[in-house]
Amino acid sequence: MKAIRRFTVRPVLPEPLRPLSDLARNLRWSWHAETRDLFQSVDPGRWSASGGDPVRLLGSVPPARLAELAGDRRFLRRLAAVAGDLHDYTTGDRWYQAQTEALPAAVAYFSPEFGITAALPQYSGGLGILAGDHLKAASDLGVPLIGVGLLYRHGYFRQTLSRDGWQQEHYPVLDPNELPVAQLEEPDGTPAQVALALPGGRQLHARIWLAQVGRVPLLLLDSDVEENDLGERGVTDRLYGGGSEHRLLQEMLLGIGGVRAVRTYCRLTGHPEPEVFHTNEGHAGFLGLERIAELCDAGLDFDSALEAVRAGTVFTTHTPVPAGIDRFDRELVARHFGPGAELPRIDVDRVLRLGMETYPGGEPNLFNMAVMGLRLAQRANGVSLLHGNVSREMFSGLWPGFDADEVPITSVTNGVHAPTWVAPEVFRLGARQIGVQRAEDAMSVGGSERWDSVADIPDQDIWDLRRVLREQLVEEVRERLRASWRQRGAGTAELGWIDGVLDPDVLTIGFARRVPSYKRLTLMLRDRDRLMDLLLHPERPIQIVVAGKAHPADDGGKRLVQELVRFTDDPRVRHRIVFLPDYGMAMAQKLYPGCDIWLNNPLRPLEACGTSGMKAALNGCLNLSVLDGWWDEWFQPDFGWAIPTADGAGTDPDHRDDIEAAALYDLLEQRVTPRFYERGRSGLPDRWIEMVRHTLGSLGPKVLAGRMVREYVERLYTPAAVAHRALGPDTARDLAEWKARVRAAWPGVTVDHVETSASEALAELGMTLGLRVRVGLGELGPEDVEVQVVSGRVDEQDRIGDATVVPLKAVGSAEQDGRWVYEGSLSLDRTGPFGYTVRILPAHRLLASSAELGLVAGPSEDLVAAGGLLMR
């Protein structure tokens, strides 16, 4: 029979055990071993059955056991110690509080998904896991962050396989009352809510749930409330589900509703109002519109409000391909804004202009969320050095006239939260060397260039640890594989072979990630005979554990999954290669430590960062990867191997896959497996162990989320807070008026004449050239611009590379015809083909970049042709 109504019956904890409730509701337990150990001791069997979820555990423990624990003085001492540690952690000073700069009072961090723990399944992949690690690291560092997201009633889908290996999706219903979240309430006890206006006089209501992530509050908006009609109740049903309008409503709720949720939270709790708003990918971009509307209500005009909002906004782009960005039909967006809908006081055309692709190659009828994010943020970044380069190329149309390397998008390379991803056995080995507290600080706060103490760990200890972790993975794989085959319809009698799957003494390779085509799940199958030879080699075999989900709407990705599954089903190799369905955080935490090699073979340069290899490295796993994302930046032969790529523009995709697959097989045959299996005088693979040691000691400190968040604070949040404070209402008006004046006058800005002291086209290294430039500034003055000489090596087309920029100085006052003369010198500091040019840029003390307005004036083609601008 099916229940007609569902309740969540919460346990009543005896008074001495009340701190257990606080510990369960603060998600710090997900990365704090002592808290998890305490909950496990409540009831080890039920702890395992709950999947390591304290809320579920406490809901299942019998009252008799709770009464027993309430009288157990040893348990109560442990409980008091762990509760006291959480209190000290959440209230004491940390790294942020020790800084002397004028740091932001608070930062609001918006993301469509957050991967905090498997007990709160509100993530699909790398973007969400990164957002979760960002919050955890901010908590460890004491950064006053407020996270903002949506609470999806079905989360992301659960994945199973059909008998023939086709991916099947399942959407479990999540009851917030059974999750580690609490409802935010008004002083009278009613649920705190936000509302958005919809076309036709309707409204979209959402309540606010609070997940406490250590020191960081995470606000999650939920539209499944009685005030909504059926359609509106389903807005937050699934992560990345539904059609175009559904996604638009999700993103309006996240951005606009999210700002309103932050204001509500700060009003109710006294938390400082954020000075900086960080948009993690374009999904939350509408937050800038809501903040503009707030300032317009306070008396500012749109342009002035836009400047004030931009000053305090940071935008992070995560995709290296235009197809990965949400884009909406302009008419759909127009229908949801303006009179009779949301933000009625803002002209719809102003909203549309922020997101329209009004640049060469753009689609003029599409509203691009990343483009809006960039236009609403004064500071933007990619998530690795290479991805920063790719992003500057991809979005260069927004800054016409500037070379891609001058586009104002920097990069902060992602990191991962070591306390979440480092296996307890690995942590204990480090703690044995330097002590528990120093080991915790090294992993969470970071700050050191190297972990030198790793050098003192004996080879035997490292090798024994690697085997223990590999053995644990073998047990985990067999258990999951048996469950998967039962779901596929196999009977127990058919599954005896699973007891022989994988070997704890065989080189183990891991490959786990989402399954878009560019990540090339099946590249390893390119030459199946060669792969079989590697798997079944009599002296140096390999074994491979694969996991990954294709998007429910991506049949191409599902076909890749099926192709791989069918290969892993082959009785000849199924003991050496497995596919595990339903990849998620719980599986990943076992997978990364147990692998010897982490494989990554995307199409370069389409991997923005690829943090799974970082998590593996923190456990002593070596990387075998295409030079993409973070690996392009930090690869060293000490840390693993680089798969050669054939990414020339003219390479046929099939031929490229053949070349790169062959390179992968060659590396495995000739370099990786011999290194793993060869033994030194001690009987250990000493050269392999040395690579593990280098990975832990030298790469480990680089890949930390603590390093990443410190970079955000120092390079982006703090400058954004300073800019935010500088732009009060009057200053914002002045800046907006100055920009309008400059844009209107810019057609009259010209470089008219360039003279140089060099008489020949041949010069000697170390010479200094004198430059005299006449420019027209129209209705602008020297205080509005900077005149620069740009110089450097030139290629065959006379394009300047690796440029040096030197400002020129105005000489005297304007001439009779309104022209200005600028002078300066140019040092010839490089040999070979050398060139220079002169340009004029807008200049203002409140600009974050001289390219901010996208305006530049240079010599006319006639002037260039007249000579003097090239020195060979």
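Described below are features of the structure shown in this document. Quick caveat: nothing in here was measured; it's all calculated off a predicted structure.

## Looking at the overall build of the protein chain
No. 1: Across its full length, the protein chain carries 29 helices and 28 strands.
No. 2: Relative to the compact-globule value of 29 Å for 872 residues, the protein chain shows a C-alpha radius of gyration of 29 Å, a close match.
No. 3: Its C-alpha atoms give the protein chain principal-axis dimensions of about 95 × 70 × 50 Å.
No. 4: Long-range pairs, those at least 24 residues apart, make up 73% of the contacts in the protein chain between residues at least 6 apart in sequence.
No. 5: Counting 96 positive and 120 negative side-chain charges, the protein chain places the averaged centre of each group 6 Å from the other.

## So, helix 2 (residues 33–42)
No. 1: Listed as buried for helix 2 are Thr35, Leu38, Phe39 and Val42. In an axial view of helix 2, the angular spread of the buried residues amounts to 95°, which keeps them on one side of the axis.

## A word on the layout of surface pockets
No. 1: Taken as a whole, the second largest pocket spans an internal volume of roughly 870 Å³.
No. 2: Among the elements of the structure, helix 11 (302–311), helix 13 (348–355), helix 14 (369–375) and helix 28 (729–745) are those that each provide at least two residues to the lining of the second largest pocket.
No. 3: Per-element tally for the lining of the second largest pocket: the top contributor is helix 11, with 5 residues.
No. 4: Of the residues belonging to the lining of the second largest pocket, the class tally is 15 nonpolar, 5 polar and 9 charged.

## Things to note about empty space enclosed by the protein
Any empty space left between atoms is shown by rolling a water-sized probe over those atoms.
No. 1: Under the criterion given, the structure shown has 7 cavities of 30 Å³ or more.
No. 2: Its volume calculated, the largest cavity comes out at about 80 Å³.
No. 3: Every residue lining the largest cavity is counted, 13 residues in all, and those nearest its centre are Leu481, Trp485, Thr568, Asp569 and Phe579.
No. 4: Those elements that provide at least two residues to the lining of the largest cavity are helix 19 (459–487), helix 21 (555–568) and strand 17 (577–580).
No. 5: When the residues that make up the lining of the largest cavity are grouped by side-chain class, the tally is 8 nonpolar, 2 polar and 3 charged.

## Some remarks on the packing of aromatic side chains
No. 1: Per the counting criterion, the structure on display carries 19 aromatic pairs.
No. 2: For the pair Tyr156 and Phe157, a centre-to-centre distance of 4.8 Å together with 45° between the ring planes defines the contact as tilted.
No. 3: An angle of 70° between the planes, with centres 5.3 Å apart, marks the rings of Trp630 and Trp631 as edge-to-face.
No. 4: Classification of Trp630 by relative accessible area gives buried; the value is 2%.
No. 5: Among the aromatic residues, those joined into a cluster by ring pairs are Trp463, Trp641, Phe676, Tyr677 and Trp688.
No. 6: One residue, Lys549, lies across the ring of Phe157, its end atom 5.0 Å from the ring centre.
No. 7: One cation-aromatic arrangement involves Arg574 over Trp497; the distance from NZ or CZ to the ring centre is 4.0 Å.

## Considerations on the pairing of strand 17
No. 1: Alternating residues of strand 17 divide into Ile577 and Phe579 and Val578 and Leu580, and every residue in both groups is buried.
No. 2: Inspection of the sheet shows strand 16 (residues 542–547) paired to strand 17 by 4 bridges, in the parallel sense. The residue bridging Ile544 from the neighbouring strand is Ile577, located in strand 17.
No. 3: In this fold, the crossover linking strand 16 to strand 17 by way of helix 21 has right-handed handedness.

## Things to note about the pattern of salt bridges
Pairing between side chains of opposite charge can happen when the charged atoms of each approach one another.
No. 1: The full count for this structure, using the stated rule, is 61 salt bridges.
No. 2: Linking Asp657 and Arg520 is a salt bridge whose minimum nitrogen-to-oxygen distance equals 2.8 Å. Highlighted residues: Asp657 in helix 25 (residues 653–677) and Arg520 in the loop between strand 15 (507–512) and helix 20 (528–535), separated in sequence by 137 residues.
No. 3: Its relative accessible area of 5% is what places Arg520 among the buried residues.
No. 4: Between Glu669 and Arg530 there is a salt bridge, and its shortest N-O distance comes to 3.0 Å. Of this pair, Glu669 sits in helix 25 while Arg530 is found in helix 20, placing the two residues 139 residues apart along the sequence.
No. 5: Judged by its relative accessible area of 26%, Glu669 is partly exposed.
No. 6: Each of Arg520, Arg526, Asp654, Arg656, Asp657, Asp658 and Glu660 takes part in a single network of salt bridges with overlapping partners.

## Digging into the environment of Leu253
No. 1: Relative to the helices and strands, Leu253 is located in helix 9 (residues 244–269).
No. 2: Among the residues examined, Leu253 registers a relative accessible area of 0% and is labelled buried.
No. 3: Sequence separation of Leu253 and Ala195 is 58 residues, and the distance between their C-alpha atoms is 8.5 Å.

## Focus on the sheet that holds strand 18 (residues 597–600)
No. 1: With parallel pairing, 6 strands are arranged side by side in an open sheet as 17-16-15-18-19-20. The open sheet terminates on both sides in strands that have one partner only, identified here as strand 17 and strand 20 (640–643). Sheet twist, expressed as the mean angle between neighbouring strand axes with direction ignored, is 20°.
No. 2: Sheet topology places strand 15 next to strand 16; 6 bridges connect them, and they run parallel. Bridged to Phe511 within strand 16 is Val546.
No. 3: Against the sheet, helix 20 touches strand 16 and strand 17, its axis set at about 115° to strand 16.
No. 4: Lying on the sheet, helix 25 is in contact with strand 15, strand 16, strand 18, strand 19 (622–626) and strand 20; it crosses strand 20 at an angle near 165°.

## Some remarks on helix 13
No. 1: Restricting attention to buried positions, one finds in helix 13 the residues Val348, Val351, Leu352, Leu354 and Gly355. Within helix 13, the buried residues cover an arc of 155° as seen down the axis, which keeps them to one side.
No. 2: Residues of helix 13 that are buried sit in contact with helix 10 (287–297), helix 11, helix 12 (330–335), strand 12 (366–368) and helix 14.

## A closer look at the environment of Leu332
No. 1: Mapped onto the secondary structure, Leu332 falls in helix 12.
No. 2: Given a relative accessible area of 13%, Leu332 falls into the buried group.
No. 3: Taking C-alpha positions, Leu332 is 8.6 Å from Leu248, a pair spaced 84 residues apart along the chain.
No. 4: Setting aside residues no more than four positions away along its own chain, Leu332 makes contact with Ser244, Glu245 and Leu248.

So, how was this worked out
The residue numbering used here restarts from 1 in each chain and proceeds along that chain's sequence as written. Reporting in this predicted model follows two pLDDT cut-offs: at least 70 for local features of residues, and 80 or more for side-chain atom pairs to be given and counted; totals over whole chains, interfaces and linings ignore these cut-offs and use all residues. Water and hydrogen atoms were dropped before computing side-chain values, which therefore reflect all heavy atoms in the structure. What counts as a helix is a DSSP run of H or I of at least four residues, what counts as a strand is a run of E of at least two, and both are numbered from the N terminus. Note on method: radius of gyration uses C-alpha positions; expected globular size equals 2.2 Å times residues raised to 0.38. When checking whether two residues touch, look at their non-hydrogen atoms; a contact exists if any pair is within 4.5 Å. By the counting scheme adopted, Arg and Lys are positive, Glu and Asp are negative, and His together with the chain ends is not counted. To locate a charge, take atom NZ for lysine, CZ for arginine, CG for aspartate or CD for glutamate. Each residue is assigned to one of three classes by its accessible area relative to the maximum for its type, calculated with a 1.4 Å probe on protein chains only: buried under 20%, partly exposed between the two thresholds, exposed over 50%. Directions drawn from the helix axis to the C-beta atoms are what define this arc. Here a cavity denotes a set of grid points, spaced 1 Å apart and computed over the protein atoms alone, in which a 1.4 Å probe fits but from which it cannot get out, and a pocket denotes an open set meeting protein on both sides within 12 Å along at least five of seven lines; residues with an atom within 4 Å of a point are reported as lining. Grid points are joined across faces, edges and corners, and a volume is the space filled by probe spheres set on the points. Under this grouping Gly is polar, as are all residues other than the nonpolar Ala, Val, Leu, Ile, Met, Phe, Trp, Tyr, Cys and Pro and the charged Asp, Glu, Lys and Arg. Paired rings are identified among Phe, Tyr and Trp, the last through its six-membered ring, by centres lying within 6.5 Å, and are further divided according to the angle between planes into stacked (under 30 degrees), edge-to-face (over 60) and tilted (the rest). Throughout this description, the term charge over a ring refers to an Arg CZ or Lys NZ atom that lies within 6 Å of the ring centre and within 35 degrees of the ring normal. Strands are treated as partners if at least two bridges between them are detected by DSSP. With the strands aimed away from the viewer, a crossover counts as right-handed if its path from the first strand over the helix to the second runs clockwise. When a carboxyl oxygen of Asp or Glu lies within 4 Å of a side-chain nitrogen of Lys or Arg, that pair is called a salt bridge. As a rule, the C-alpha atoms of each element are fitted with a line to give its axis, helices using only the stretch in contact, and angles between N-to-C directions run from 0 to 180 degrees.

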